Amino acid sequence: PAQQELVRYLQAWKAEYDGQYDIAISRLKATILETHDVTLKFRAKASIIHALVVSSHYEEAFTELTQLLVLLPRVSDPAAREQGLVVAAQLYNEVGQYDLAIAYSRKLMDENWLGRGVCKGYDQKLRAEVDSGKQRVVGPDFSAAIDACTKLNELSYANFIRSYAATVYVAHNQIDDAIRLLTEHYAEVLQSHFPRLISRYESLLATAYQKKGNVAAAHQFALRTIENAVPNEVSPPLVAAYHLLYEQARQSGDFKAALDY
């Protein structure tokens, strides 16, 4: 029975990875009800929070996080603790509470289970620092973070961190550096089949090409962003892509398309 519960949890996690958040949350809630394993309950609740965060249901996510943090001292399994700390940092990042995001990122790095805490902690820490404007240059922290993740074969984490570096490059008009970095790893990102990562790269490429004056490439990547976005998820890459297409249509005098976008 314990193995069957774990398999059902992993099936829910897979639905979440694929962007099927309603299905995932329903299955995860069932896992919480059926299992007596505190660690599995904790992992399922952490996964629910992640699904709520990426689908922008922040109030519900905070309710679940409060319960999760009460459970945290009772959980000794390092993998589960890592998962809980990641979603706490992620939620605080999403709502702009960057100091709290950094605090939980540092806890991850301090616990550093199997070296993974440095990779995942850096991921959330650098995201907080970039989004809050604290990171103005792509310094050695980015290389250290990417190395920590690639050594563990955590390629999606490494590629998210590269996207934060590209964000810094674009913000400071280092457009060629941004395009080079994103293009070098775009094929690898596509192979991940991870919609949130793919749409992030495509949106950044669209923005970078638009700034460079390559309107056709910008248009192409904006359309790809929309095509590859998670269904029914309102995400920053999707917003940026629609905004870019609106601006292009407006500037070319196609006001009907501009209004649609």
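Reading the values: the criteria
- Residues numbered from 1 in each chain as written.
- Predicted model: local features only at pLDDT ≥ 70, side-chain atom pairs only at ≥ 80, totals over all residues.
- Heavy atoms only, no water.
- Salt bridge = Lys/Arg side-chain N within 4 Å of Asp/Glu carboxyl O.
- Helix = DSSP H or I, 4+ residues; strand = E, 2+ residues; numbered from the N terminus.
- Buried < 20%, exposed > 50% of the residue type's maximum accessible area, 1.4 Å probe, protein only.
- Expected span 1.5 Å × (residues − 1).

(A) Fine view of the pattern of salt bridges. In the structure shown here, the tally under the stated rule is 19 salt bridges. Here Glu 129 makes a salt bridge to Lys 125, at a shortest N to O gap of 2.8 Å. Of the two residues, Glu 129 and Lys 125 both sit in helix H7 (residues 116-131), 4 residues apart, roughly one turn of that helix. Given the relative accessible area of 9%, Glu 129 is considered buried. A relative accessible area of 10% means that Lys 125 is categorised as buried. With a closest N to O distance of 2.7 Å, Lys 212 and Asp 176 form a salt bridge. In this pair, Lys 212 is assigned in helix H11 (residues 195-212) and Asp 176 in helix H10 (residues 175-192), connecting sequence segments 36 residues apart. Under the relative-accessibility criterion, Lys 212 is labelled partly exposed at 49%.

(B) Main features of H7. Taking 1.5 Å per residue, 16 residues should reach 22 Å; H7 reaches 23 Å between its end C-alpha atoms and fits that length. Of all 16 residues in H7, 13 are buried; the element is thus mostly enclosed. Positive backbone phi, approximately 85°, marks Gly 133, located one or two places after H7.

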